[in-house]
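If you want the building blocks of each chain, they are given just below.
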Amino acid sequence: MSSIRKAWAPRMKASLRTCRHLCLYNYNYKIKMAFPSYAVTRLTSTFTRPPNPMEPTGTVVFTTVGRPQYGFDLFSICLDPNLINHTSESRLTDGTSINFNGHFLDENHTLVFVSERSGSPRIYQVRSGDTKPEQLLAVPGSLFHDRPIVKNGSLYFVSAHERPEKPFISWSAVYSAGLDGKAVVRLTPPGVVDYSPAISPSGKFIAVASNGSRPWGGEFHELCTEIVVFRRMEPDKRVVVCERGGWPTWSGDSSLYFHRQADDGWWSIFSVNLAEDFQNSGVAEAPHRITPPGVHCFTPAAMQGSKRIALATRRRGSKFRHIEIFDIDSRKFYPVTESLNPNFHHYNPFVSPESGFLGYHRFRGESSAGESTIPHLDPVMSPVNELRMLRLNGSFPSFSPAGDLIAFNPDFEAKGGLKIVKSDGSKSWIVLKGRTAFYNSWSPTEKHVVYTSIGPIFESVRATVQIARISFDPSDLDDDREDIPADVKILTREETGNNAFPSCSPDGKSLVFRSGRSGNKNLYIIDAVDGESDDGSGIRQLTDGPWIDTMPCWSPDGKLIAFSSNRHNPENVNAFSIYVIRPDGSDLRRVYVAGCEGSGDVDRERINHVCFSADCEWLLFTANMGGVTAEPISIPNQFQPYGDLFVVRLDGSGLKRLTWNGYENGTPAWFYGWNEVDIGRLCLGLGSGTVDGNKLTGEFDEPLWISSDL
C-alpha cells in the first residue's frame, strides 16, 4: 500500500462494544440520492481523480445465480378470439442484455418494459418499427426499477431507492411519474413495502401486493403479502381486500385476480370483488379460487371485456413454465406457448388494452439476432462513485496480485474445475477440468499459484474435500491456448474430512481455511507450500467450538482474519455474523452490522463471503438485510433471492448497500488497487462481439421449490 493511500485511509477504530456509536452509523446514515452517470460510463475511460478517502474504492467482482444465462427478450402473439390458433411470435425487443416485465400501451405494440442494458434494471419504451428503445425514467438514486405501467399519461413502477428505518425490511415501493420522468411521487406510505402494482382500466384505482409495515419474516417461497387497493388520488387511504396474495390484476374497476399457494399446495388464481364504496364497506364477498388443483398457476393478467385470464403454468410431467389462457366460465385451459417453444420457460404474461395481443418474456433462443455470448465479465452500475462492479459468469473469483487476471470456478456442481480470465474479459483459459472445485485464493506473492477447494460443496464435515495448491507457468497464458498445464498439490490429508474455503496470508506463507476434522467446522492455519504432514506438523487450529466458523479472509496487512460464524447461536444454522480474529487466535470479536449488540436484529443476520478493502477499513459481504426486492415466484430459481452485497467499516459503521435486484448475489472479490484494473476493453468489446465468453443457451432452472408431486 502506498504512503499516499495510507495517508488517505480513515482511522476510525472505535470499540465494537460502543452501542451508541454503532447505532449512529448502522442504519441512521444518509443515503446519497444522486448517482452520477459516470458510475457506469467511466469504465471505458482512464481515471485522473484520486479516490475519496471516506468511500470504498477499487473493483468488485461477484456472482449472480442464473442471471448470465437468462437472455430474456419480450415477445407477443396475436390472439385468436377462439383461443385455438395463434400466429407465430413477434419479438418486441432487440436482443440487448435482458428485457422483461412488459406492458402494452395500445394495440400498436407500443411497449414499456424493464431492461438491464444500462447496468441496472431501468424502464424503457419501444414502438412498433423502432430499432432501439428509449429510456423513460431513471429515478435519482435508484438502481432498481420494476413492473412499469402507463395509464392516462402517467408512469407507475416499483423502485427501491429509499432506505427503510430498520434492517430486514424491503426497500421496494410503488411510485408514479410523468412520462418525461419528472414529478416522481411515492404512492406507498413511509415504512410500508409494496410489490407488483396494477392499475384499473379507468386509472382510478391501484392494487398492490403489500407487506405493510411488518418486518420481513425470512420467507421467499411465498411472500406474506396482502392485496391492498387505494384510489390513485388518495394513496394513503388503503384497504386490505385479501389478507394473502400477490401479483394482482384488474378485471374492470371492481374485480381483482391474484395468485397465492392454496392450502392443497397448488399455486392458484383467486378472485375478489369490490363493493362500489369499498373504502368504507370493504369487499363484496370473500376471495374464491378460480383455477383448479393439479396445475400450478401464477402471475395472472386479466383480459378486459371477457372472463379470461392469461397466466403462467407449471404442469405435472413438465419442467417448463408456459403461458396459457384460462376461461373462467368453461373452466378450461387454452395452451399458448407450449406448441411454439415447448422447451423454453415463459414468464409474466401481459395483455394489450383490447386483448388483441398477448406478451411475455422468455430466453431469446440460440439462433436469434442479438447478444448470443455470455461475457465472462459484465459491468454493473455501482452506487459508490469510486467502486467499480462487475458480474462474473462463474463463482468464487479471486484476483491475481497485479489485478490483470481473475481465477474462478465456472460451475462447481458439474466438475467445472478452475479457469482464469483476463480482467478485461478478452480471453480465458482452463486450468483444471474434470474435477469439482470451489472457493479460490490467489497467492498475493506468486502470480502462478492459486489455492482452491477440491471436492463436493455443501457436504458434511466427514465428506472428503481437500485444499489444493495449483501452480502453472504464466508464459502459457497466451492467445493460442485454451487449456494450460498445471500442477495440483494437495495440502490436507484425505482422512481429515471436509477442508475448504482457503485464504492466503499476504506474505504467501500460510493459508487459513475451514475444516470439519474435529467434528465441528472450525478454522485452521496451514503451511501454504508444504501443507500438513503425517506427524501433525504444518497445521494449527485457530478456532474451536461446537458451531460453524467458515469462509475466512486474511486482511491485506496480515493483522486480522474475518470470517462468518453462528457461534453466537449454534443451534441456528441459517444465521451467520461477521467475526474477526488475529492470526495468533487473540482478540476475537464480532462486528455488529444490523444493529447494536444485544438487539434482536443482529441475530437475524445471514452474512457470508466476507472480504477486506485494501486499507483494511472496509468489509465487503453478502447479506439478507435488504429483504426481498421482487416476488420470487415471478423469476427463475434463486436459492436465496434476498442475497445482496453490502460494505461496512470494520467497526460496524457506515453500512452501504451495493446491489438491488430479485436475484441472489454473492461470492464477491475485491481488488485493492486504485486505477490498476484496465477494464476499458470490457465495455468496448461487448458491442463489437470481440469479448471471450460462453454461448448463451438459456440454461437456468425454474424455482426448485415448486413441486408437482402433490
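Values in this document were obtained by computation on a predicted structure and should not be read as measured data.

Caption draft 1: Here's a closer look at the overall build of the protein. Of regular secondary structure, the protein possesses 5 helices and 50 strands. Counting across all 710 residues of the protein, residues that qualify as buried make up 61%. For the protein, the accessible area works out to roughly 26800 Å², and carbon and sulfur atoms hold 48% of it.

Caption draft 2: Molecular detail of the sheet that holds strand S43 (residues 577-581). Across the sheet, 4 strands lie side by side as S41-S42-S43-S44; this open sheet has antiparallel pairing. With partners counted over all chains shown, the strands left at the sheet margins are strand S41 (549-554) and strand S44 (589-591), one partner each. Each strand axis lies, on average, 30° off the axis of its neighbour in the sheet, ignoring direction. In this sheet, S44 lies alongside S43 in antiparallel orientation, the contact comprising 3 bridges. What sits directly across from Val 580, in S44, is Arg 589.

Caption draft 3: Expanded view of the pattern of salt bridges. Throughout the structure, instances matching the rule amount to 37 salt bridges. For Glu 222, the salt bridge is made with Arg 244, and the minimal N-O distance between the two is 3.1 Å. Of the two residues, Glu 222 sits in the loop between strand S13 (205-212) and strand S14 (226-231) while Arg 244 sits in the loop between strand S15 (234-242) and strand S16 (246-251), which places them 22 residues apart along the sequence. Take Arg 244: its relative accessible area is 30%, and that puts it in the partly exposed class.

Caption draft 4: Seen up close, the nonpolar core. By size, the foremost hydrophobic cluster in this structure holds 34 residues, and its most contacted members are Val 593, Leu 619, Phe 621 and Met 625. Of all the secondary-structure elements, those providing two or more residues to this core are strand S1 (58-64), strand S28 (387-392), S43, strand S45 (608-612), strand S46 (618-623) and strand S47 (644-649). Sorting elements by how many residues they give to this core places S46 first, with 5 residues. Leu 83, Phe 298, Leu 358 and Ile 633 belong to the second largest nonpolar core, which has 19 residues in total.

Caption draft 5: Up close: the sheet that holds strand S18 (residues 267-273). Here 4 strands make up an open sheet; going across it, the order is S16-S17-S18-S19 and the pairing antiparallel. A single partner strand is all that each edge strand has here, and the edge strands are S16 and strand S19 (288-289). Here S18 runs beside S19; their pairing, made up of 2 bridges, is antiparallel. Looking at the pairing, Ser 271 lines up with His 288 of S19.

Caption draft 6: Up close: the pairing of strand S9 (residues 154-159). Among the 6 residues that make up S9, 5 are buried, leaving the element largely enclosed by the rest of the structure. Pairing between strand S8 (residues 145-151) and S9: 5 bridges, direction antiparallel. Note that in S9 the partner of Ile 149 across the bridge is Tyr 156. Between the antiparallel neighbours S8 and S9 lie 2 residues, among them Asn 152 with a positive phi of about 50°. For S9 and strand S10 (residues 173-178), the ladder comprises 6 bridges, and the chain directions are antiparallel. Bridging from a neighbouring strand, Phe 157 pairs with Tyr 175 of S10.

Caption draft 7: Geometry of unusual backbone geometry. The phi dihedral of His 109 is positive, around 65°, even though this residue is not glycine. Assignment of secondary structure puts His 109 in the loop between strand S4 (99-104) and strand S5 (111-115). Backbone geometry places Ala 183, a non-glycine residue, at a positive phi of 55°. Considering the arrangement of structural elements, one finds Ala 183 in the loop between S10 and strand S11 (185-186).

Caption draft 8: Geometry of the packing of aromatic side chains. In this structure the tally under the stated criterion is 28 aromatic pairs. Centroid distance Phe 157 to Tyr 175: 5.9 Å. Interplanar angle 20°. Geometry classified as stacked. Note that Phe 157 is positioned in strand S9 and Tyr 175 in strand S10, a separation of 18 residues in sequence. Across the pair, Tyr 175 and Phe 157 agree in class, each one buried. Look at Trp 171 and Trp 660: their rings are 5.6 Å apart centre to centre, the planes differ by 70°, and that puts the pair in the edge-to-face class. Remark: Trp 660 occurs in the loop between strand S48 (656-657) and strand S49 (665-671) and Trp 171 occurs in the loop between S9 and S10; sequence separation between them is 489 residues.

Caption draft 9: Looking closely at empty space enclosed by the protein. Inspection of the entire model under this criterion finds 8 cavities of 30 Å³ or more. One number sums up the size of the largest cavity: a volume of about 150 Å³.

Caption draft 10: Molecular detail of the pairing of S1. Taken across its 7 residues, S1 has 7 buried, putting it largely inside the fold. Here S1 shows a buried face lined by Gly 58, Val 60, Phe 62 and Thr 64 and a second buried face lined by Thr 59, Val 61 and Thr 63. Relative to S28, S1 is paired through 6 bridges, and the arrangement is parallel. Bridge pairing in S28 links Val 60 to Met 389.

Caption draft 11: Representation of the side chain of Glu 324. Among the structural elements, Glu 324 can be located in strand S22 (residues 322-327). The exposure class assigned to Glu 324 is buried, which follows from its relative accessible area of 3%. Side-chain polar atoms of Glu 324 contact the side chain of Thr 313, separated by 2.7 Å. When residues no more than four places from it in sequence are discounted, the contact partners of Glu 324 are Ile 309, Ala 310, Leu 311, Thr 313, Arg 315, Phe 333, Tyr 334, Pro 335 and Val 336.

Caption draft 12: Focus on the environment of Tyr 257. Mapped onto the secondary structure, Tyr 257 falls in strand S17 (residues 255-261). You can call Tyr 257 buried: its relative accessible area is 7%. Placed 30 residues apart in sequence, Tyr 257 and Ile 227 show a C-alpha to C-alpha distance of 9.8 Å. Residues contacting Tyr 257, with those up to four places away along its chain left out, are Trp 247, Pro 248, Thr 249, Ser 251, Ile 269, Phe 270, Ser 271, Ile 290, Pro 300, Ala 302, Ile 309 and Ile 328.

The rules behind each value
- Residues numbered from 1 in each chain as written.
- Predicted model: local features only at pLDDT ≥ 70, side-chain atom pairs only at ≥ 80, totals over all residues.
- Heavy atoms only, no water.
- Helix = DSSP H or I, 4+ residues; strand = E, 2+ residues; numbered from the N terminus.
- Buried < 20%, exposed > 50% of the residue type's maximum accessible area, 1.4 Å probe, protein only.
- Areas by Shrake-Rupley, 256 points an atom, 1.4 Å probe, with all protein chains shown as cover.
- Pairing = 2+ DSSP bridges.
- Axes fitted to C-alpha atoms, helices over the stretch in contact; angles between N-to-C directions.
- Salt bridge = Lys/Arg side-chain N within 4 Å of Asp/Glu carboxyl O.
- Core = buried A, V, L, I, M, F, W, Y, C linked by side-chain atoms within 4.5 Å.
- Phe/Tyr/Trp six-rings, centres within 6.5 Å; stacked < 30°, edge-to-face > 60°.
- 1 Å grid on protein atoms, 1.4 Å probe; cavity = no way out; pocket = protein on both sides within 12 Å on 5 of 7 lines; lining within 4 Å.
- Points joined across faces, edges and corners; volume = space filled by probe spheres on them.
- Polar contact = N/O pair within 3.5 Å; in protein donor to acceptor, adjacent residues only side chain to side chain.
- Contact = heavy atoms within 4.5 Å.

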